[in-house]
Every structure is written in C-alpha cells, then in structure tokens.
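# Structure assessment
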Amino acid sequence: MLIRSSEDLVEVLEDNQVQLQNLMSSKYIAHFLEAVSGWQKKLSTTDSVMSLWLEVQRTWSYLESIFIGSEDIRRQLPEDSDRFDGIDRDFKIIMEDVKSDLNVVNATNKQGLFEKLESLQERLTLCEKSLAEYLETKRLIFPRFYFVSTTTLLDILSNGNNPRVIAKHLSKLFDNTTDLKFKGESKSAIGMFSSEREFVDFQEECSCDGQVEVWLNRVMDSMRAAVRHYLAEAVVTYEEK
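In what follows, the accompanying structure is described. (Residues numbered from 1 in each chain as written. Predicted model: local features only at pLDDT ≥ 70, side-chain atom pairs only at ≥ 80, totals over all residues. Heavy atoms only, no water.)

### Looking at the overall build of the protein chain
When helices and strands are tallied, the protein chain shows ten helices and three strands. Taken over the C-alpha trace, the protein chain has a radius of gyration of 28 Å; the compact-globule value for 241 residues is 18 Å, which it surpasses by more than 25%. Here the protein chain, with 241 residues, has 35% of them falling under the buried criterion. Pairs at least 24 apart in sequence give 52% of the contacts found in the protein chain among residues at least 6 apart. For the protein chain, the computed accessible surface area is about 14,800 Å², with 52% contributed by carbon and sulfur atoms. Of the side-chain charges in the protein chain, 29 are positive and 41 negative, and the distance between the mean point of each set is 2 Å. (Helix = DSSP H or I, 4+ residues; strand = E, 2+ residues; numbered from the N terminus. Rg over C-alpha atoms; globule rule 2.2 N^0.38 Å. Buried < 20%, exposed > 50% of the residue type's maximum accessible area, 1.4 Å probe, protein only. Contact = heavy atoms within 4.5 Å. Areas by Shrake-Rupley, 256 points an atom, 1.4 Å probe, with all protein chains shown as cover. Lys, Arg positive; Asp, Glu negative; His and termini not counted. Charge placed at Lys NZ, Arg CZ, Asp CG, Glu CD.)

Right, dumping it as structure tokens:
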C-alpha cells in the first residue's frame with residue numbers, strides 16, 4: 001500500500017497553518033497559547049513528514065523494480081541489493097503500520113517516524129549513487145548508452161542475455177536500424193533491418209552472447225564493416241548498373 005498525494009490535503013494543511021499563525025498574533029492568545037502552540041507543532045511535523053514520506057516513496061518505487069526485479073543488478077551490486085532489501089523491509093513495515101490509523105495528523109506525528117524516514121532516505125541515496133556509478137561504467141564501454149534514458153538502459157541491461165529482446169531498442173541506439181536477423185535459434189546475428197524493412201547482410205556472423213555492452217560493440221563493428229563493403233561494391237558497379 002502507498003500513500004497518495006492530495007492537493008486538497010495540502011491546501012487544507014496550509015490554510016490551517018495560516019489560521020494558527022493569525023491566532024498567535026491575537027492579543028487574546030494567552031489563555032489558548034498552549035493549545036495553539038501544540039497544534040502549530042503538530043501541523044509543522046505533518047508538513048515535514050508528508051514531504052519526506054512522499055520523496056522516500058517515490059525513490060523506493062523507482063528502485064524496487066531495479067533491485068528486486070533485476071537479477072543482473074543483484075549480481076553486479078550485491079552489497080547495495082542487500083541494503084535495499086533492508087530498506088524494502090523497513091518501508092513496508094511503516095506502510096503496514098499506517099493502515100491502522102488513516103488520520104493524517106495522527107499518522108505523521110508518530111514517535112520517531114521522521115527519523116526513520118530520514119534514515120531510509122539516506123540509505124536510498126547510497127543505492128542511487130551506486131546504481132548511477134554502475135550505469136556510468138556501462139556507458140563508458142558502449143557510449144551510445146548515453147543516448148537512452150536510465151529506464152531504457154536498465155531494461156537493456158536486465159535483458160542482456162536475450163538479444164531478441166534488446167533488438168526492440170536498437171532504433172534508440174542506431175540511426176534507422178530497428179532489428180537484427182539471427183541464425184536460427186542461436187544468438188548469432190547475420191544481418192540488420194532498417195525501419196523500411198530493408199535488409200543488409202553482415203560479412204560474418206556476429207555473436208550476441210556475453211555482456212550486452214560488449215556484444216553491442218561487436219554488432220556496431222559488423223554494421224560498419226557491412227556498410228563499408230557494400231559501398232565499395234557500389235562504387236565499382238556504379239558504371240554497370
């Protein structure tokens with residue numbers, strides 16, 4: 001279960017905080033000072049906790065599919081995967097606990113909640129940093145990964161052993177190359193297709209096995225070799241054809 005950000009809730013919260021501020025400036029406040037101060041503190045805590053909570057929830061939602069759903073990432077980043085498992089467990093405990101009292105003020109003013117969320121945010125930041133560094137190493141090996149979004153890159157890396165799935169992303173990496181042709185059921189590419197379904201044979205079979213950033217470099221070399229070969233042939237046969 002996740003919390004939902006509500007504009008109405010934020011509006012009411014801000015309106016109530018303004019009203020309390022006006023009360024504090026009243027000359028008749030003395031008798032109500034303790035109650036008004038108490039409400040000011042509660043609503044201020046609600047404001048801070050809600051902002052932090054939604055931020056933690058957004059980051060957790062984004063990283064969950066990566067660290068929980070991708071075996072490749074778990075293998076490559078074992079320490080951060082273990083860290084995220086702990087974050088995931090703690091976050092779900094908080095979300096389970098809030099179901100018992102859906103009153104916003106009560107839920108956000110629970111003892112130690114802000115500190116727990118701060119701790120989760122710090123740990124999530126470490127996971128994000130490690131993930132960014134990991135993706136950067138992949139981009140340095142195959143610079144065309146800089147052309148695609150982080151989400152697309154993660155999808156490519158998590159399906160790296162399945163070149164037929166990766167083929168759907170080729171148009172984002174190469175200009176007007178939309179698919180590869182494979183030899184039977186193997187992982188060897190023998191040619192490439194354009195978006196108009198024009199087909200160009202590779203000069204040699206290209207193995208699409210191993211780490212995705214490595215075999216995509218091999219595919220790029222095969223593409224260049226094929227285009228170079230056919231351009232050389234075209235120059236020679238231009239007079240005839």
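### Thoughts on a negative patch on the surface
A contiguous patch of negative charge, built from Glu7, Asp8, Glu11, Glu14, Asp15 and Asp47, is present on the exposed surface. Sorting elements by how many residues they give to the negative patch places helix H1 (residues 7–24) first, with five residues. For Glu7, the position within the fold is in helix H1. Judged by its relative accessible area of 71%, Glu7 is exposed. (Patch = residues over 30% accessible without salt bridge, like charges linked within 9 Å, V, L, I, M, F, W, Y side chains within 5 Å. Salt bridge = Lys/Arg side-chain N within 4 Å of Asp/Glu carboxyl O.)

### Remarks on the packing of aromatic side chains
What characterises a pair of aromatic rings is the spacing of the ring centres plus the angle enclosed by the ring planes. According to the stated counting rule, one finds five aromatic pairs in the structure shown. Seen in terms of ring centroids, Phe142 and Phe145 are 5.0 Å apart; in terms of plane orientation they differ by 75°. Their pairing is edge-to-face. According to the relative accessible area criterion, Phe142 is buried, its value standing at 0%. Residue placement shows Lys181 over the ring face of Phe199; its charged tip is 5.1 Å from the ring centre. (Phe/Tyr/Trp six-rings, centres within 6.5 Å; stacked < 30°, edge-to-face > 60°. Lys NZ or Arg CZ within 6 Å of the ring centre and 35° of its normal.)

### Quick notes on the packing of helix H2 (residues 33–67) against helix H6 (residues 113–141)
At their nearest, the axes of H2 and H6 sit 9 Å apart, and the two run at 35° to each other. Both H2 and H6 take part in a crossing whose hand is left-handed. Side by side, H2 and H6 meet where Ser48, Val49, Leu52, Trp53, Glu55, Val56, Thr59, Trp60, Tyr62, Leu63, Ile66 and Phe67 of the first sit next to Leu113, Phe114, Leu117, Glu118, Leu120, Gln121, Leu124, Cys127, Glu128 and Leu131 of the second. (Axes fitted to C-alpha atoms, helices over the stretch in contact; angles between N-to-C directions. Left-handed = near helix turned anticlockwise from the far one by under 90°.)

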